[in-house]
Amino acid sequence: MSDARATVRALLDRAGTTYAEEAGIRLHDTPAPLYRLLVLSVLLSTRIRADIAIKAARELAGAGMGTPERMLAASWKQRVDALGSAGYKRYDESTATALGKGAELVQSEYRGDLRRLRDAAEGDPARVRTALTAFPRLGPVGADIFCREAQDVWPSLRPALDGKVLDGARTLGLPTDPDELSRLAPGAALAPLAAALVRVALHRELAEEITRAT
């Protein structure tokens, strides 16, 4: 177990920034940052590099589209332009449409507050994931992204350690049982460990770096 904890420490030192943090989202259990996380999850769901999706999330927020109300107030062209300026080119038009429809859904179903989605699902992780997949362009992969990033502010989701996270754990020789793996996270934060293990699963060179360090 001490070797596993050393591996986790090395991993978090190198890759323990959540995707939300990279996108400039200070995640709290409040409507605006939760909506921005939803947008980021949609952007990350597309077959496009994570750094481009993160930059696109920043561009949308910087252009004033950080709430469902403001996303709806923006024109389709403004959404396309914000996505395009981040290099989100191949999917900019279809994603701009999806973001508009998603904002409408947040407004009509949850009165602008995704906490109502969680409450309607009674905090049940499976039901939360199912409800999330109702958003355009947010399939099971995107729902997993949202849940693993949100789990530290929505504790009922814990441990949100999906298959991609467990792939990273397996690569580093860490436990692949979610409960056992979660016990290796320092403090109460699971989202940084989840994000770091996803990066390990996606980037072989990071896995090799961590292995050399430990």
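Remember, predicted model here, so these are calculated numbers, not experimental data.

Novice: Whenever I open this one, the environment of Val-8 confuses me. Can you help?
Specialist: As for its position among the elements, Val-8 is in helix α1 (residues 2-15). Along the chain, Val-8 and Leu-172 lie 164 residues apart, while their C-alpha atoms are 9.2 Å from each other. Residue contacts for Val-8: discarding those within four places in its chain leaves Leu-174, Leu-184, Pro-186 and Leu-193.

Novice: Even after reading the chapter, I still don't get the environment of Ala-150, so can you show me in this structure?
Specialist: Note that Ala-150 resides in helix α10 (residues 140-150). For Ala-150, a relative accessible area of 0% gives the class buried. Residues within four places of Ala-150 in sequence aside, it is in contact with Leu-27, Leu-37 and Leu-157.

Novice: Is there a simple way to think about the packing of helix α13 (residues 191-202) against helix α14 (residues 204-213) in this case?
Specialist: For any two helices packed against each other, the geometry comes down to the angle between their axes and how far apart the axes lie. Between α13 and α14, the least distance of the axes is 5 Å, while the angle of their chain directions is 110°. Judged on the interaxial angle alone, α14 and α13 are roughly perpendicular. Between α13 and α14, the contacting residues are Ala-196, Arg-199, Val-200 and Leu-202 on the first element and Arg-204, Leu-206 and Ala-207 on the second. Broken down by class, the residue content of the contact of α13 with α14 amounts to five nonpolar, no polar and two charged.

Novice: Where do I start with helix α11 (residues 163-171) in this structure?
Specialist: One turn of an α-helix holds 3.6 residues; hence residues three or four places apart share an orientation. Every buried residue of α11 is listed here: Val-165, Leu-166, Gly-168 and Ala-169. Angular distribution of buried residues about the axis of α11 spans 155°; they occupy a single face of the element. In the core, the buried residues of α11 are packed alongside α10, α12 (178-182) and α13. Where α11 begins, the capping side chain belongs to Asp-162, and its oxygen is found 3.1 Å from the backbone nitrogen of Lys-164.

Novice: Is there a simple way to explain the packing of aromatic side chains in this structure?
Specialist: Aromatic rings in a pair are described by how distant their centres are and how their planes are angled relative to each other. Per the counting criterion, the structure on display carries one aromatic pair. Lying across the ring of Tyr-19, Arg-199 places its NZ or CZ 4.3 Å from the centre.

Novice: Which parts of the structure should I look at to understand unusual backbone geometry?
Specialist: In terms of backbone geometry, most residues other than glycine have negative phi values and most peptide bonds are trans. Note the cis peptide between Arg-158 and Pro-159, where omega equals -5°. Positionally, Pro-159 belongs in the loop between α10 and α11. One non-glycine residue, Glu-122, lies in positive phi territory at about 55°. Of note, Glu-122 is situated in the loop between α8 (115-120) and α9 (125-132). Owing to a relative accessible area of 67%, Glu-122 belongs among the exposed residues under this scheme. Residues other than glycine seldom take positive phi values, yet Arg-137 does so here, at roughly 70°. Considering the arrangement of structural elements, one finds Arg-137 in the loop between α9 and α10.

Each value, and the rule that gives it
- Residues numbered from 1 in each chain as written.
- Predicted model: local features only at pLDDT ≥ 70, side-chain atom pairs only at ≥ 80, totals over all residues.
- Heavy atoms only, no water.
- Helix = DSSP H or I, 4+ residues; strand = E, 2+ residues; numbered from the N terminus.
- Contact = heavy atoms within 4.5 Å.
- Buried < 20%, exposed > 50% of the residue type's maximum accessible area, 1.4 Å probe, protein only.
- Axes fitted to C-alpha atoms, helices over the stretch in contact; angles between N-to-C directions.
- Parallel < 35°, antiparallel > 145°, perpendicular 65-115°, else oblique.
- Nonpolar A, V, L, I, M, F, W, Y, C, P; charged D, E, K, R; others polar.
- Arc of directions from axis to C-beta.
- Polar contact = N/O pair within 3.5 Å; in protein donor to acceptor, adjacent residues only side chain to side chain.
- Phe/Tyr/Trp six-rings, centres within 6.5 Å; stacked < 30°, edge-to-face > 60°.
- Lys NZ or Arg CZ within 6 Å of the ring centre and 35° of its normal.

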